[in-house]
Amino acid sequence: MSTRTHRSTVRSAVTAFSLLASAYAQTTAPTPGQPARNDAPLGAFEIVGDSMVSAQQMFLGTADKVYIIDKTEANPATINGHPAWASEFSVSKKGGRTMDIVTNTFCAGGNVLANGTWINVGGNMAVTTGGAKADDQDNGGQPYEDPDGGKSMRMLTPCDDGNCEWNLFGQMTTRRWYPTLETLDDGSLIIIGGAEWGGFVNDANQNNPTYEFFPPKGNGDPVDLNILANSLPANLYPLTWLLPSGKLLIQSNWKTAFLDFKNQKETAINDMIGAVRVYPASGGTAMLPLTPANGYTATIMFCGGNDLQPDRWTTDWDIAQYKASTSCVSITPDVSTQYQTEDPLPEGRSMGNFILLPNGKILCLNGAATGVAGYGPQDWAVGESYADNALLAPAIYDPAAPAGSRWSRDGLTASTVPRMYHSTATLLPDGSVLVSGSNPHADYTVDNVKFKTEYRVEYFYPSYYNSYRPQPQGLLTQLSYGGPYFNVTLTKQDLAGDVNNVKETTVILLRTGFSTHTMNMGQRFLQLNSTYTGNSDGSAVLHVSQVPPNAALFAPGPALLFVVVNGVPSVGVQVMVGSGQVGEQPTTNAVVLPDPSIAAAAQATGAGSGSSQHDGQGHDNAAVRVSLQSYAALLVSGLVSVSLFAALL
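Below: a short report on this structure. (Residues numbered from 1 in each chain as written. Predicted model: local features only at pLDDT ≥ 70, side-chain atom pairs only at ≥ 80, totals over all residues. Heavy atoms only, no water.)

## A closer look at the overall build of the chain
Using the following cut-off: A run of DSSP states H or I qualifies as a helix once it reaches four residues; a run of E qualifies as a strand once it reaches two. Both are numbered from the N-terminal end. Residue exposure (1.4 Å probe, protein chains only): buried if accessible area is under 20% of the type maximum, exposed if over 50%, otherwise partly exposed. Contacts are assigned to residue pairs with any non-hydrogen atoms lying within 4.5 Å of each other. To measure how exposed things are, a 1.4 Å probe is used in the Shrake-Rupley method; for residues, cover is taken only from the protein chains shown.
Along its length, the chain carries 4 helices and 46 strands. For the chain, the proportion of its 649 residues judged to be buried stands at 62%. Of the contacts formed within the chain by residues at least 6 apart in sequence, a portion of 66% connects residues at least 24 apart. When the accessible surface of the chain is summed, it comes to about 23200 Å², and 51% of that surface belongs to carbon and sulfur atoms.

## What to know about the state of the cysteines
What counts, and what does not: In what follows, a disulfide is any cysteine sulfur pair within 2.5 Å.
Summed over all chains, the structure comprises 2 disulfides. Through a disulfide, C159 is tied to C164; the S-S separation comes to 2.1 Å. Handedness here is read from the sign of the S-S torsion; for C159 and C164, about -75°, the answer is left-handed. Residue classification places C159 among the buried residues on the basis of a relative accessible area of 12%. Sulfur-sulfur distance for the disulfide between C303 and C328 comes to 2.0 Å. One disulfide, between C303 and C328, carries an S-S torsion of 120° and so falls in the right-handed class. A residue pair is termed long-range when its members are at least 10 positions apart, and C303 in strand β21 (residues 300-303) and C328 in strand β22 (residues 328-331) qualify at 25 residues. Judged by its relative accessible area of 1%, C328 is buried. Taken N- to C-terminal, the disulfide-bonded cysteines of the chain are connected 1-2, 3-4.

## Focus on the nonpolar core
The cut-off we apply is this: Throughout, nonpolar core names a set of buried Ala, Val, Leu, Ile, Met, Phe, Trp, Tyr and Cys residues whose side chains join them through atoms within 4.5 Å.
In this structure, F302, W313, I319, L479, L509, L528 and L542 are the most contacted members of the largest nonpolar core, which totals 109 residues. In contact with L528, other than residues within four places in its own chain, are P292, Y296, L479, F486, V507, V544, S545, Q546, V547 and L561. In terms of nonpolar packing, the next biggest core, distinct from the first, is built from 50 residues, L288, L434, L560 and F562 among them.

## As for the pattern of salt bridges
Applied cut-off: The salt bridge criterion pairs a side-chain nitrogen of Lys or Arg with a carboxyl oxygen of Asp or Glu, the two atoms within 4 Å.
This model, assessed by the stated rule, comprises 19 salt bridges. Among the salt bridges present, the one from E347 reaches R349, with a minimum N-O distance of 3.4 Å. One network of salt bridges, in which partners are shared, links R37, D39 and E46.

In structure tokens:
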């Protein structure tokens with residue numbers, strides 16, 4: 001053997017074994033258990049605690065901690081000698097601590113980086129009592145002494161030990177009030193739009209029709225965005241999604257566009273139909289689940305809002321009594337730029353949050369039947385609210401149901417708490433939904449008003465909540481883009497006594513997003529590809545692919561991982577998607593999954609009793625066999641790939 005050939009062989013072997021070692025380096029999460037209770041009021045809301053600050057902005061930071069952000073105002077809760085404007089809420093303890101967040105976060109935007117750090121940017125000028133402009137913008141002035149937040153950038157790395165805090169870390173290139181943030185396929189953030197100073201809607205004198213990145217890209221200068229220049233005045237918090245194609249879909253007022261941000265190329269596409277969805281019309285929006293069945297093709301749904309034309313966004317008429325739209329539409333932008341009509345809402349709704357549930361359905365809650373987001377001193381305002389007729393009853397949308405019957409209220413009970421402007425909601429790991437906020441006022445107001453500043457926290461319990469939850473073993477703590485599959489063991493009890501239930505069992509990756517102003521920025525649902533091996537004792541092994549090798553399908557960063565059996569989700573495990581670092585994400589081809597199979601005895605009986613392949617501790621030897629098959633495939637792939645490369649040397 002020549003020296004060159006020998007070296008090639010060594011390089012091949014080393015590379016292959018490095019790949020194998022990398023695969024084995026993946027760690028498994030603790031087996032999820034059961035929720036703290038199994039007697040929750042199903043389909044209903046329960047008041048569980050106090051948010052300490054009004055929940056204008058909110059996100060799930062750890063499995064137990066929800067972070068809440070308000071604007072500068074006179075909240076009774078305090079910190080460091082002044083009213084608090086941020087808090088940390090423990091899901092398990094139903095309470096928490098106030099936090100010090102610096103500069104006015106009024107109508108800021110937020111999202112998460114690939115490393116799990118949350119970023120909150122922009123806001124409004126320094127204010128005094130009643131939201132009036134403070135004389136001292138640098139220091140804030142009395143009584144709040146909270147500086148101007150228009151260019152601020154704040155960061156938080158969530159924690160469970162009470163030692164994490166918000167920190168300022170720089171400034172954006174320009175002022176942004178009502179900006180949108182979306183996590184990109186390299187785990188960085190794009191920051192889009194906003195206004196410089198504020199008002200009910202935007203105008204040409206303060207419009208900021210640009211975008212920038214964090215961390216900065218190129219020369220760091222903001223880049224012009226035509227759609228925001230052409231969609232005044234209702235162009236704040238433009239609705240934005242990263243598409244599987246790697247482009248962004250941006251929807252603002254009646255306009256829609258693609259943005260190829262890597263090449264700074266913008267393409268206008270078809271106008272929105274039916275209604276304005278963006279703030280302050282504030283329709284509910286969500287990307288529908290990305291699944292193997294739909295080829296991981298993105299469809300985005302928009303519901304509610306109103307049909308006001310640009311010249312009607314004024315405050316010289318009673319907009320609070322203007323009926324919200326029932327219209328629902330969708331677009332599948334990587335396939336067609338045409339909007340399609342969908343089943344309408346049960347009633348017109350403005351400010352309705354859409355929350356993706358792990359069973360693939362969408363919860364619609366909060367908002368009003370008339371009016372829009374916003375507040376002001378006009379005599380027609382309801383107190384100060386620009387909306388009226390709170391909608392307390394939720395509804396659930398099932399995208400898998402036949403057209404004409406996708407919305408349902410079966411088994412649902414109304415809330416008792418109006419959730420108007422500045423309300424928020426987020427999914428929790430146990431599958432319930434935390435709801436808080438509502439503050440259509442310039443400052444803290446609780447007396448003699450129809451819609452007061454709200455601090456009550458509610459949990460909403462979907463119909464699956466009290467069911468026995470699957471307790472999957474073998475979920476990973478970090479997922480890659482492509483590579484070897486992993487194996488998840490489910491017991492007979494997990495499968496509700498019938499091994500055949502594994503056939504429809506799904507593994508769901510879900511990012512809950514940054515909730516504010518009827519949006520959950522970054523919210524996304526992706527079903528991992530999987531097959532199964534059913535055992536004769538009624539247990540089964542799921543063979544689960546990693547995230548498909550395209551980071552634009554599901555941007556890197558933290559997310560929840562669920563296993564769903566018969567529509568009942570396990571308690572979600574927090575996982576890291578991708579490398580855990582900002583930058584181009586490594587991708588590899590997905591290892592082919594084993595063919596699905598169920599042991600003959602189990603197929604005949606629906607469960608079977610006993611198996612020599614099961615070790616009696618919830619671990620099946622089938623999992624070991626297919627796991628070795630997965631890693632063997634990776635090993636062979638590495639040897640073949642590197643050997644082919646070496647042959648070219």
